[in-house]
There are 2 protein chains.
Amino acid sequence: MIPSSSIAKADLAHRSVFQTKYIYSFDEGDKDMRDLLGGKGANLAEMTNIGIPVPFGFTITTEVCEYFVSKNSYPEEFAQQLEEKLNLLEVKTGKKLGDAKNPLLVSVRSGAAVSMPGMMDTILNLGLNDETVKGVIANTNNERFAYDCYRRFVQMFGNVVLGVSHDLFEGAIEKIKEEKNVKQDTDLDASDLKKLVYEFKEIISKNAENEFPENPLAQLKLAIEAVFNSWDNDRAKTYRKINNIFGLKGTAVNVQSMVFGNMGNDSGTGVAFTRNPSNGAKEFYGEFLMNAQGEDVVAGIRTPSKIDDLKEINEAAYAQLLDVKDTLEKHYKDMQDIEFTIERGNLFLLQTRNGKRTAHAAIKIAVDLVEEKLISKEEALLKIDAASLSQLLHPQIKKSAQKNVIAKGLPASPGAACGKVVFNADDAFAWANERDEKVILVRKETSPEDIHGMHAAQGILTSRGGMTSHAAVVARGMGKCCVAGCAEISVNASAKKIIVGDLVLNEGDVITLDGSTGEVILGSVELEEPKMSEDFKTIMEWADKVRIMKVRTNADTPKDCQVAIDFGAEGIGLCRTEHMFFDEERIPMVRKMILSKDDETRAKQLTKLKEFQKCDFIEIFKVMEGKPMTIRLLDPPLHEFLPEKEEDIRKLAEDLDTTFDDLKMTISNLHEINPMLGHRGCRLGITFPDIYKMQTQAISEAAIEVSAGRMEVNVEFELPLIGFKTELQNLRKLVEETILSYGDKVNFNYKIGTMIEVPRACLTADELAKEADFFSFGTNDLTQMTLGFSRDDSGKFLKEYLEKGIFERDPTETIDQDGVGQLMRICVELGRKEKPDLEIGICGEHGGEPKSIEFCHKIGLNYVSCSPYRVPVARLAAAQAVLKM
Amino acid sequence: MIPSSSIAKADLAHRSVFQTKYIYSFDEGDKDMRDLLGGKGANLAEMTNIGIPVPFGFTITTEVCEYFVSKNSYPEEFAQQLEEKLNLLEVKTGKKLGDAKNPLLVSVRSGAAVSMPGMMDTILNLGLNDETVKGVIANTNNERFAYDCYRRFVQMFGNVVLGVSHDLFEGAIEKIKEEKNVKQDTDLDASDLKKLVYEFKEIISKNAENEFPENPLAQLKLAIEAVFNSWDNDRAKTYRKINNIFGLKGTAVNVQSMVFGNMGNDSGTGVAFTRNPSNGAKEFYGEFLMNAQGEDVVAGIRTPSKIDDLKEINEAAYAQLLDVKDTLEKHYKDMQDIEFTIERGNLFLLQTRNGKRTAHAAIKIAVDLVEEKLISKEEALLKIDAASLSQLLHPQIKKSAQKNVIAKGLPASPGAACGKVVFNADDAFAWANERDEKVILVRKETSPEDIHGMHAAQGILTSRGGMTSHAAVVARGMGKCCVAGCAEISVNASAKKIIVGDLVLNEGDVITLDGSTGEVILGSVELEEPKMSEDFKTIMEWADKVRIMKVRTNADTPKDCQVAIDFGAEGIGLCRTEHMFFDEERIPMVRKMILSKDDETRAKQLTKLKEFQKCDFIEIFKVMEGKPMTIRLLDPPLHEFLPEKEEDIRKLAEDLDTTFDDLKMTISNLHEINPMLGHRGCRLGITFPDIYKMQTQAISEAAIEVSAGRMEVNVEFELPLIGFKTELQNLRKLVEETILSYGDKVNFNYKIGTMIEVPRACLTADELAKEADFFSFGTNDLTQMTLGFSRDDSGKFLKEYLEKGIFERDPTETIDQDGVGQLMRICVELGRKEKPDLEIGICGEHGGEPKSIEFCHKIGLNYVSCSPYRVPVARLAAAQAVLKM
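These numbers were taken from a predicted model, which means no experiment stands behind them. (Residues numbered from 1 in each chain as written. Chains lettered and ligands numbered in written order. Predicted model: local features only at pLDDT ≥ 70, side-chain atom pairs only at ≥ 80, totals over all residues. Heavy atoms only, no water.)

Engineer: Which parts of the structure should I look at to understand the overall build of chain A?
Structural biologist: Tallying secondary structure elements over chain A gives 35 helices and 31 strands in all. With the C-alpha coordinates aligned to their principal axes, the bounding extent of chain A is approximately 105 × 60 × 55 Å. Buried residues in chain A amount to 59% of all 885 residues. Contacts in chain A between residues at least 24 apart in sequence constitute 68% of all its contacts with a sequence separation of at least 6. Here chain A has roughly 35800 Å² of accessible surface; of this, 47% comes from carbon and sulfur atoms. The averaged location of the 139 negative side-chain charges in chain A is 2 Å from the averaged location of its 110 positive side-chain charges. (Helix = DSSP H or I, 4+ residues; strand = E, 2+ residues; numbered from the N terminus. Buried < 20%, exposed > 50% of the residue type's maximum accessible area, 1.4 Å probe, protein only. Contact = heavy atoms within 4.5 Å. Areas by Shrake-Rupley, 256 points an atom, 1.4 Å probe, with all protein chains shown as cover. Lys, Arg positive; Asp, Glu negative; His and termini not counted. Charge placed at Lys NZ, Arg CZ, Asp CG, Glu CD.)

This is how it looks when you write it as structure tokens:
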């Protein structure tokens, strides 16, 4: 659908007193006119202008498509402009559309501003009919060639323009091959092909509303219309949705005089990259076939040769190709993906575009281009897709591997993992540690109780939850592969079964996860280890010089912190303390502490826990070496720490010297309907001040000890879920008084601030700023509350929302700038109005996502914080944000 | 705690070059100086100025209290001003503090801007010591009186100022009574009392840090200080929190020359209301005791006489009192609550203030005062506490009733109810309908499945949930008494037990609920039926003429709609359609519809449901007679409709021809972690369009039928939980196309709009306004999402938050103007920018709460909508909002 506002704009344009230019000859456009001419058209024009041999032609603009799709008619002056451009093309080529002696044949190709390979339609050899085919025969002296072109054209036209099933044409070809008892199309001779042309026309006559048009101008007009209509076919619409392609006017149409690579052994066709797209090496990389058309290369009937072999076959053409290659790279200042045809020894370029490449190649090419002085370091940084860097930091499924994909979920945490299916965290832990098995933990969803199992597993698969579900967040934090919200599988944990359609997987069955695509694969698949390069480091250095925002990490353990620092993290933006409660040795104390009815027992357990946490912090402080570290005090609701299984409750009841029923009732009383919005975060801190006090003591004592060893400690006490200034006042006092109770011993630097994750916090940020030394956006919860949807439950509609275009992008992946972003803007503005130098960062999952990082830079945040494996992504994205401003 | 900003302001004032006036003689102030002089001081000054006999004195301002509390010292010029005012008092009374012959005795009383009865301290008879008591004896010729005053003073001073336990003094009195073998204090003679004075001083000497000060000026200074200190005692702080008293500077201190009602039979003391505070009748209403001091009236040792009896005892004093009464009423233009003393035949007023009254009395008095031409209709409207009107519409616990309060929860829905305890909705229904028993439904929390039980019950008691929990909202909608979130009770529904401390209540035990106070009372208590008055109707008429906002109601059944219309509702602001799914006859269809795997079964069930809903709407449209009616399409998540109990699942499985395990798994798959933020509202509409289509058809067909009967129908289709414009576009199209499919038959008026309940909706209201004919704030969910807390779970911390002053008010009761209100402002501004005449209303529970209604008027809403029983409250509050602007 075209947004109504653009229609209005287009209408206005058409009503203008100046005549609108609807068609551009190739010598009239340039590469910057992608929006109007599409990528292909713009580059054909550019090549024409810089003297690259390109068959002449013209491009009908995307505005015509927009007009046509909405009104099912053409702008007034369009027909006349088409005639003019066609005349020009005839003059330039010295041929004439429909001329029996010297017929002009053209290709009609779609080409939008953003490449959508294979999504829209193409017609070749247009202009052929029973008359003009004779002219081709006369000119080429090759009847077979002429009829092959003709039958291909009728077939393509019948299918694409007139809507006749491809199978009917293929059936006719099969039949004639059977009759002649041959196997290959190439075994058919001119008369067979001629016969096919007539059979094809009959098929069209029987199956389509209209006959095959003999008039070449009618052919052209119908073909253009077909291309426009293909813009809105289901395939194209789905492709755009899946690939987040929005806001385009439509496709352009390129009408170009044909050249033929199948005119004999002095002709040929090929595709090539100006550098190796896989590893970035500076080598000409591609393949070609002599005496062939483009589709033959794709069809795979003959094996194409390596591009270098062209040198021996046609040295002149090869030299010319090398020359063109160099010209294009120098001109575009980037690796190019080109298509070429050699017609009777003459080279023609049919397409050039910036070539797709792996992250690995992108880095090498960017660095090389700088060394070759083609681009600046800044330009190099902009050439790399920041998000793709995370590909380089995880094991991958080998490209060549065979795989039996049985389901697809959300690509929640990149990398790949292979292992035996287990259905609970204890099993995962036991199998991994006791039996030394590689396991995949499969759950409906994970909870903090599963952490040990997640650590033990190679990868995690959940049937529920989105990109920021517990499983996804924790897995990314661990740098562990995760496929989340895989709704196609049904997990029955008690029966230890996965059901996928008719397939049933049992405990111990082997699966492989691809966390970069969301694929769940049956059996094991070969993986490959990540390779790091010097170029990678170079790019990071350049990025660090450019970026203004700092990059921190979300990490809770010394190991994770070290990984993040190695990746360049400049501090910790979020250290969650809850995992420190879940350790097997500690959880009994935590439970006793929560359930104890007398203060003495509670105090005793808290003291024990304090010692553990102190040790944890000492280790982390040592790793951090004085880098700033934001520690969030306990956040989850207390019931998350209590057992759920009957046997565990029974055991705990014995431990606590109470009855099973009593304990069960207590636990059930603690249960919450909407735990995300329940008794957690600062609400716990206020109603159970002893817990926050204990944590503050543990942190303070650890900091004092490490500082005494002459290492600097910079700790930021972070209070979660603050919505009211009074909450902050209450807890700031508690934390501050606890720290100050250490008197002269306090030898470390500290700040006290708040997470910003409740919408109200944004709206009253000026008030909060009075009590806070820093803000840190928790955009996971902020998104959930602002949009009113829970990451744990959104799986049920999120996919459909994306498919139906309700959401352009998954807001748990990229910051919803109009909603959540608006609140963030308000927050930054109000907060800095009160306290101009207020430190503001982001520690939600969005902190590692390039679009969100760009937004954070725009609104003036001081840092982003993300999981360790995303730190390089963030470093680059933060630099790109500066360069894009 | 004094907010720091006010301290700063006060500091500035004290640094002013002009000397600040810290003390006002009674002839220097007036009634409008409450903030500075407190209510009592301002009124003493006012009375003094209009010639009412008031013992002379002066008032120390609240600013001095503020200064003293924060700095524990006095402003520089204070001492000098105190001396000056004291001198003036001595001149006016002709007595002298500490003068042995003609001693000045004074009272020292607190008095803040808002009355806080009994919360702060009072000292009487100050100025007595061993010397001055002799002067009193000489002047009164009454040694017993003098020593009685003296011992009372020492006792009060010892307790209040020097902190000695009251019990110690009472013990001494008891001891002397035993020794003398008498029962009453009045049986003690002058020498006993003299002895007591010395014993009291010894008690002080042993138990306090300081001796009793003989110096009257020292007594005065210490007493003032004690009053100031009492401002921040726990009792006073708690009182202010509970009563939402915020922003006061402190208490004023009134120093007033003593007059004595206990100087003999020509003396006396009394309290009176100028009109009957219970029913509003214009009659002098009060009581007095001759030869007594104020505390004797309160102590209840002697039975006071009715005020009219004073006429016979002292006609002159009575005449003067009547005169004073009339003067005060005319002057204050309101019913007054006065305290007086007659000293030797001379009348003195010690206090006047606007009298507290019942809602019933408030209405009568307001109407009468208008008839008496004392006030205008507008002033009359402002004199009534709008919230109190709901008292008049529900049965109440009889004031005089004895009650054994066993627990206290939230006063969720007013009125009172008495009945037998049952623990589930089915039992409630069965007991009420089959056994004709009155029952109280007791649940941890209620859900839509409990509706039939709630209907059947007299009242509802829940241990969880806040003022807007399901139980509270539904109960208010039904006009049914409800105590919610009563955390002190523990409900064990399976064992059918309530545990409150040591008390265990079983099924069938009788309790009484007071929904206006939140009290849970053991056994049955006498109730009284509501009385309606002509005056009530008069006030409503006046209010309707003044108010600008319309008042609609939230109602789902013809009966509720009729009730609301009788109360003056001008339309329906929220008709929830979910109850139409829960009817016993329909729920099996609903379940089949949800669980059916083939489209045919689903379609069949939907068609059946459509017919039911159509009938529902026909009935409601008939009652509404063309008044606008907002109908919200299905909102709750589908799993709410599915059974939870094993037996119900088993039965349904048979019905659906599937296995128990299968069905259980399906149901468990539909379960959500945070259902409030889950797959509900418009998300259902988009993923299951058939349901909204069916509802639109039912509404359209009903509207067509009713309109055909020549009755107007104005229906507003409301889409819930909208956060994105794309959601609205998608569903608007669905609803509109469904309506238009009826073609020419469409003879009714309709609008399509959205609930505003997701924060994002407010932030993007300009975009939404493009697709919406109206907005309606669903402030229940908007509050929960903006503040990030779930009404179902907030019980665990809400009470503590209120007690600790984190929340000034319960935001589920009164709109949180700084947070939620800010979003509402943004929404109205953006929405009206796009569409200036956009209709915007509120249908959350806040729509019936006066402070919130005032806010809604301020931001320009078109209407408020509330439960039927709150409609009169809203009509008055909407008028008051206009008058307060």
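Engineer: Can you help me understand the interface of chain B and chain A in this one?
Structural biologist: How big an interface is tends to be expressed through the accessible area that disappears when the partners come together. Taken together, the contact pairs 55 residues of chain B with 55 residues of chain A. Of the roughly 4900 Å² buried at the junction of chain B and chain A (both faces included), carbon and sulfur atoms supply 57%. The interface formed by chain B and chain A holds two salt bridges in total. The shortest N-O distance in the salt bridge between Arg760 of chain A and Asp816 of chain B comes to 2.6 Å. Here chain B is connected to chain A by 30 residue pairs in polar contact (both at pLDDT 80 or more). Within the residue set of the side of chain B that touches chain A, elements represented by two or more residues are strand E18 (489–492), helix H25 (660–670), helix H26 (682–687), helix H28 (725–740), helix H29 (759–763), helix H31 (779–787), helix H32 (795–803) and helix H33 (820–834) of chain B. Tallied by class, the residues present in the side of chain B that touches chain A amount to 22 nonpolar, 19 polar and 14 charged. (Buried area = accessible area lost by both parts, 1.4 Å probe. Salt bridge = Lys/Arg side-chain N within 4 Å of Asp/Glu carboxyl O. Polar contact = N/O pair within 3.5 Å; in protein donor to acceptor, adjacent residues only side chain to side chain. Nonpolar A, V, L, I, M, F, W, Y, C, P; charged D, E, K, R; others polar.)

Engineer: What is the right way to look at the nonpolar core in this model?
Structural biologist: Most often, soluble globular proteins keep nonpolar side chains buried together rather than apart. With 281 residues, the main nonpolar core has Phe621, Phe777 and Met824 of chain A together with Phe621, Phe777 and Met824 of chain B as its most contacted residues. When neighbours within four sequence positions are excluded, Phe777 of chain A is seen to be in contact with Ile756, Cys762, Leu782, Met824, Cys827, Val828, Ile840, Gly841, Ile842, Cys843, Gly844 and Leu861 of chain A. (Core = buried A, V, L, I, M, F, W, Y, C linked by side-chain atoms within 4.5 Å.)

Engineer: Just to check I follow, could you spell out helix H7 (residues 166–180) of chain A for this structure?
Structural biologist: One turn of the α-helix equals 3.6 residues, which is why residues spaced by three or four share an orientation. All names here are of chain A. With 15 residues, H7 ought to run about 21 Å at 1.5 Å a step, and its terminal C-alpha atoms sit 22 Å apart, in line with that. Along H7, the positions that sit buried rather than exposed are Phe169, Ala172, Ile173, Ile176 and Lys177. Viewed end-on, H7 has its buried residues packed into an arc of 135°, placing them on one side of the element. Opposite the packed face of H7, turned more than 90 degrees from it, sit the exposed residues Asp167, Glu178 and Glu179. Against the buried residues of H7 lie helix H6 (143–160) and helix H8 (190–207). Capping the start of H7 is the job of one residue whose side-chain oxygen sits 3.1 Å from the backbone nitrogen of Asp167: Ser165. Asn181 sits one or two residues past H7 and shows a positive phi near 55°. (Expected span 1.5 Å × (residues − 1). Arc of directions from axis to C-beta.)

Engineer: Before we go on, may I ask you to explain the sheet that holds strand E1 (residues 23–25) of chain A in this structure?
Structural biologist: Backbone hydrogen bonds hold the strands of a sheet together, and the pairing may be parallel or antiparallel. Residues and elements named next belong to chain A. If you walk across this open sheet you meet the five strands as E1-E2-E5-E3-E4, and the pairing is antiparallel. Here the strands that pair on one side only, and so sit at the sheet edges, are E1 and strand E4 (122–126). Across the sheet, the mean angle separating the axes of adjacent strands is 20° when strand polarity is ignored. Across four bridges, the pairing between strand E2 (residues 57–60) and strand E5 (residues 251–257) is antiparallel. Along E5, the bridge assignment pairs Thr59 with Asn254. Packed onto the sheet, helix H2 (residues 34–49) meets E1, E2, strand E3 (106–112) and E5 and runs at close to 30° relative to E5. (Pairing = 2+ DSSP bridges. Axes fitted to C-alpha atoms, helices over the stretch in contact; angles between N-to-C directions.)

Engineer: Could you clarify how one ought to interpret the environment of Ile440 of chain A in this entry?
Structural biologist: All names here are of chain A. With respect to the helices, strands and loops of the structure, Ile440 is situated in strand E15 (residues 439–443). For Ile440, a relative accessible area of 0% translates into the label buried. Taking the C-alpha atoms as reference, Ile440 lies 8.2 Å from Thr512; in sequence the two are 72 residues apart. Setting aside anything within four residues of it in sequence, one finds Ile440 in contact with Ala417, Cys418, Gly419, Lys420, Val421, Val422, Gln458, Gly459, Leu461, Ile511 and Leu513.

Engineer: For this particular structure, what's the right way to read the packing of aromatic side chains?
Structural biologist: The description of an aromatic ring pair uses the distance of the two centres, along with the angle that the planes make with each other. All chains considered together, the criterion is met by 46 aromatic pairs over all chains. Centroid distance Phe581 of chain A to Phe641 of chain A: 5.5 Å. Interplanar angle 50°. Geometry classified as tilted. Here Phe641 of chain A lies in the loop between strand E26 (628–632) and helix H24 (646–656) and Phe581 of chain A lies in helix H21 (residues 579–582), a separation of 60 residues in the sequence. Each member of the pair, Phe581 of chain A as well as Phe641 of chain A, carries the same accessibility label: buried. Linked through ring pairs, Phe724 of chain A together with Phe789, Phe797, Tyr801 and Phe807 of chain B together constitute an aromatic cluster. Just above the ring of Tyr863 of chain A sits the side chain of Arg552 of chain A; from NZ or CZ to the centre is 4.0 Å. (Phe/Tyr/Trp six-rings, centres within 6.5 Å; stacked < 30°, edge-to-face > 60°. Lys NZ or Arg CZ within 6 Å of the ring centre and 35° of its normal.)

Engineer: Explain the state of the cysteines here, please?
Structural biologist: Here is the idea: a disulfide is a covalent bond, and it sits between the sulfur atoms of two cysteines. Residues and elements named next belong to chain B. One pass over the structure, following the stated rule, counts zero disulfides over all chains. Counting only cysteine sulfurs, Cys827 is the nearest neighbor of Cys762, a cysteine outside any disulfide, at a range of 4.5 Å. Classification of Cys762 by relative accessible area gives buried; the value is 0%. (Disulfide = S-S within 2.5 Å.)

Engineer: For this particular structure, what's the right way to read a negative patch on the surface?
Structural biologist: Residues and elements named next belong to chain A. Taken together, the side chains of Glu283, Asp308, Asp309 and Glu312 make up a negatively charged region of the molecular surface. Assignment of secondary structure puts Glu312 in helix H12 (residues 310–313). Exposure remark for Glu312: the relative accessible area of 76% places this residue in the exposed category. (Patch = residues over 30% accessible without salt bridge, like charges linked within 9 Å, V, L, I, M, F, W, Y side chains within 5 Å.)

Engineer: Which parts of the structure should I look at to understand the pattern of salt bridges?
Structural biologist: When the charged atoms of two side chains with opposite charge come close together, those side chains can pair. All names here are of chain A. Scanning all chains against the criterion turns up 118 salt bridges over all chains. Of the charged contacts, one joins Glu437 and Lys420 as a salt bridge, the two residues approaching to 3.2 Å between their closest N and O atoms. Within this pair, whereas Glu437 is found in the loop between helix H16 (425–434) and E15, its partner Lys420 is found in strand E14 (residues 416–422), the two being separated by 17 residues in sequence. A relative accessible area of 21% places Glu437 in the partly exposed class.

Engineer: Explain the relation of the copies chain B and chain A here, please?
Structural biologist: The two chain copies are related to each other by a rotation about an axis together with a translation along it. Overlaying chain B with chain A gives an RMSD of 0.2 Å, the required rotation being 179° about an axis along which the chain moves by 0.1 Å. Here the symmetry operator amounts to a two-fold rotation axis. In terms of C-alpha distance to the rotation axis, chain B has Asn674 of chain B as its closest residue, with the C-alpha 2.1 Å off the axis. (Least-squares fit on C-alpha atoms with pLDDT ≥ 70 in both.)

Engineer: How do you make sense of the pairing of strand E2 (residues 57–60) of chain B when you look at a structure like this?
Structural biologist: As a general feature of sheets, a regular strand has side chains that alternate between the two faces. Residues and elements named next belong to chain B. Neither face of E2 is exposed, since Gly57 and Thr59 on one face and Phe58 and Ile60 on the opposite face are all buried. In this sheet, E2 lies alongside strand E1 (residues 23–25) in antiparallel orientation, the contact comprising three bridges. Bridge pairing in E2 links Tyr24 to Thr59.

Engineer: Can you walk me through the sheet that holds strand E27 (residues 714–719) of chain B in this structure?
Structural biologist: All names here are of chain B. As summarised here, the arrangement of the eight strands in space is E24-E25-E26-E27-E28-E29-E30-E31, forming a closed barrel in which the pairing is parallel. Between one strand and the next, the sheet's axes are offset by a mean angle of 25°, whatever the strand orientation. Bridging between strand E28 (residues 749–756) and strand E29 (residues 774–777) involves three bridges; their strand directions are parallel. Its bridge partner lying in E29, Ile756 is registered against Phe777. Against the sheet, helix H23 (residues 599–624) makes contact with strand E25 (572–576), strand E26 (628–632) and E27, and its axis sits at roughly 155° relative to E26, the strand it touches most.

Engineer: Would you mind showing me how to read the pairing of strand E16 (residues 459–462) of chain B here?
Structural biologist: All names here are of chain B. Side chains of E16 alternate between two faces, with Gly459 and Leu461 and Ile460 and Thr462 buried alike. Since strand E15 (residues 439–443) and E16 lie parallel, the crossover through helix H17 (residues 451–456) that links them has a hand, and here it is right-handed. Where E16 and strand E17 (residues 481–484) come together, three bridges link them in parallel fashion. Bridged to Gly459 within E17 is Cys481. (Right-handed = clockwise from strand over helix to strand, strands pointing away.)

Engineer: Would you explain the packing of helix H20 (residues 558–566) of chain A against helix H23 (residues 599–624) of chain A in this entry?
Structural biologist: For any two helices packed against each other, the geometry is given by the interaxial angle and the distance between the axes. Residue and element names in this part refer to chain A. The geometry of H20 relative to H23 is characterised by a closest axis approach of 9 Å and an angle of 10° between their N-to-C directions. By the angle between their directions, the pair H20 and H23 is classed as roughly parallel. Together, Pro558, Cys561, Gln562 and Ile565 of H20 and Glu619, Ile620, Val623 and Met624 of H23 make up the contact between the two elements. Of the residues assigned to the contact of H20 with H23, the class counts are six nonpolar, one polar and one charged. (Parallel < 35°, antiparallel > 145°, perpendicular 65-115°, else oblique.)

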